[in-house]
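# Architecture at a glance
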Amino acid sequence: MTETDKYSQNAELVLRAQEGDTEAEEELVELNIGLVRSIAQRFCGRGTELEDLIQIGTIGLVKAVRSFDAERGFAFSTYAVPMIMGEIRRTLRDDGLIKVGRAQKKLGAELLAARTRIMNEEGREPGIIELSKICGITSEEAAMAIDAVTPVSSLSETVGEGEGMSLESRIADPDNEIERVRDRVALAQAIGKLPQMRKKIVLLRYFRELTQAETARELGLSQVKISREEKKIVEFLRSELI
C-alpha cells in the first residue's frame, strides 16, 4: 500500500469511526498500530513493558480518531503522533516513571533563558524552531526539553496578585489552543525535513521577518533565487501538511 493509499484509507475510516462505526475504528487502529509501536519504542527501558506502552499509545490514537478534523488539511498520522506521544508521556509522568536527566534539565533551562531574553529584548514570543537553532538542536529535542522542565499546573491554581483568577478561567478556548499546538508540531516536523539552506530561508523570512532582499544579502544569494526557493518551500510544506 502506498502512502497516498494509506492517507485515503485513513480519511475514510476516520469519517466512518466518527459516525459511530466501531469496526472502522478497530480497523483504523490496526492500520496505524505500527505508528503506535514506533513511538512506544522510544519510551522503553523506563519500567513499563513495550506491550503496555503500545496499549497506552493506542488510547492516544483513539482520542486522535475522535477529535481529528480532516478539513484542517493535515494527514491523520501527522495529527496522531503528538496525541499518541502525549498519552504515553502523561501516563509515565503520573506514575513517576519519567525521570528528567541533568543534561535535559540544563538544556531546558537554556531554552527557557533564550526565550526570556528574546521576549525582554525584542518584545515577541520566539518559536520552537528559532530556540532550537540558538541551542544547536532539533526542534523535536527542544520541545521535549522544554516539556521536561515545565511543571504541570492545576487548572484551579490561582494566578496573578491579590485575589487573582484561576488558571482555568484564563483559558479562553482550550480546544483552539490544543489545535494551535498540534499545528505547530506538524509544521515543525515538516520544516525539519527541509535542506539546511531552505531552513535558513524559513528562519529569516518568517521568524525574523526579513524581506526577500534582506534574506538574499544575509545568505549571499540573489533575490530571484530566494523567490524561487521560497515557492519550492511553500509547495513542499503544503504537500507535507495535506
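Conventions adopted
- Residues numbered from 1 in each chain as written.
- Predicted model: local features only at pLDDT ≥ 70, side-chain atom pairs only at ≥ 80, totals over all residues.
- Heavy atoms only, no water.
- Patch = residues over 30% accessible without salt bridge, like charges linked within 9 Å, V, L, I, M, F, W, Y side chains within 5 Å.
- Areas by Shrake-Rupley, 256 points an atom, 1.4 Å probe, with all protein chains shown as cover.
- Salt bridge = Lys/Arg side-chain N within 4 Å of Asp/Glu carboxyl O.
- Lys, Arg positive; Asp, Glu negative; His and termini not counted.
- Charge placed at Lys NZ, Arg CZ, Asp CG, Glu CD.
- Helix = DSSP H or I, 4+ residues; strand = E, 2+ residues; numbered from the N terminus.
- pLDDT = per-residue confidence, 0-100.
- Contact = heavy atoms within 4.5 Å.
- Phe/Tyr/Trp six-rings, centres within 6.5 Å; stacked < 30°, edge-to-face > 60°.
- Buried < 20%, exposed > 50% of the residue type's maximum accessible area, 1.4 Å probe, protein only.
- Lys NZ or Arg CZ within 6 Å of the ring centre and 35° of its normal.
- Core = buried A, V, L, I, M, F, W, Y, C linked by side-chain atoms within 4.5 Å.
- Axes fitted to C-alpha atoms, helices over the stretch in contact; angles between N-to-C directions.
- Parallel < 35°, antiparallel > 145°, perpendicular 65-115°, else oblique.
- Left-handed = near helix turned anticlockwise from the far one by under 90°.
- Nonpolar A, V, L, I, M, F, W, Y, C, P; charged D, E, K, R; others polar.

For the rest of this paragraph, the subject is a negative patch on the surface. A surface patch of like charges, here negative, comprises Glu12, Glu23, Glu26, Glu27 and Glu30. Of the residues forming the negative patch, the biggest block, 4 residues, is contributed by helix α2 (residues 22–31). With respect to the helices, strands and loops of the structure, glutamate 23 is situated in helix α2.

Here we take up the confidence of the model for the protein. Chain-level statistics for the protein give a pLDDT mean of 75 and a share of 74% at 70 or above. Summarising per-element confidence for the protein, the mean pLDDT is lowest in helix α9 (residues 167–170) (41) and highest in helix α3 (residues 33–40) (90). Every residue in residues 152–178 is under pLDDT 50, and counting partners more than four places away or in other chains gives 22 contacts.

It is worth spelling out the packing of aromatic side chains at this point. Think of a pair of aromatic rings as described by two things: how far the centres are apart, and how the planes are tilted against each other in angle. Evaluation of the coordinates by the stated rule reveals 2 aromatic pairs. An angle of 85 degrees between the planes, with centres 5.4 Å apart, marks the rings of phenylalanine 68 and phenylalanine 76 as edge-to-face. Residue phenylalanine 68 is classed as buried on the basis of its relative accessible area, which comes to 9%. The class for phenylalanine 76 is buried, based on a relative accessible area of 4%. Taken together, the ring pairs connect Phe68, Phe76 and Tyr79 into an aromatic cluster. Sitting above the plane of the tyrosine 206 ring, arginine 205 keeps its charged end 5.6 Å from the centroid.

A separate point is the nonpolar core. Of all hydrophobic cores here, the largest spans 27 residues; its most connected members are Ile39, Phe43, Leu61, Phe76, Ile84 and Ile88. Listing elements by their share of this core, those giving two or more residues are α1 (3–18), α2, α3, α4 (50–67) and α5 (76–94). Tallying contributions element by element places α5 first for this core, with 9 residues. The contacts of leucine 61, once residues within four sequence positions are left out, are Val29, Asn32, Val36, Phe76, Ala80 and Ile84. The next biggest cluster of nonpolar side chains, apart from the first, holds 11 residues, and it includes Ile129, Ala190, Leu194 and Leu237.

It is worth spelling out the packing of helix α7 (residues 128–135) against helix α11 (residues 196–207) at this point. The contact between α7 and α11 brings their axes to 11 Å, and the two run at 125 degrees. Classified by the interaxial angle, the pair formed by α7 and α11 is oblique. Seen from above, α7 lies across α11 with left-handed handedness. Contact with α7, carried on its side by Ile129, Glu130 and Lys133, involves Gln196, Lys199, Leu203 and Phe207 of α11 and no other residues of that element. In terms of residue class, the contact of α7 with α11 is built from 3 nonpolar, 1 polar and 3 charged.

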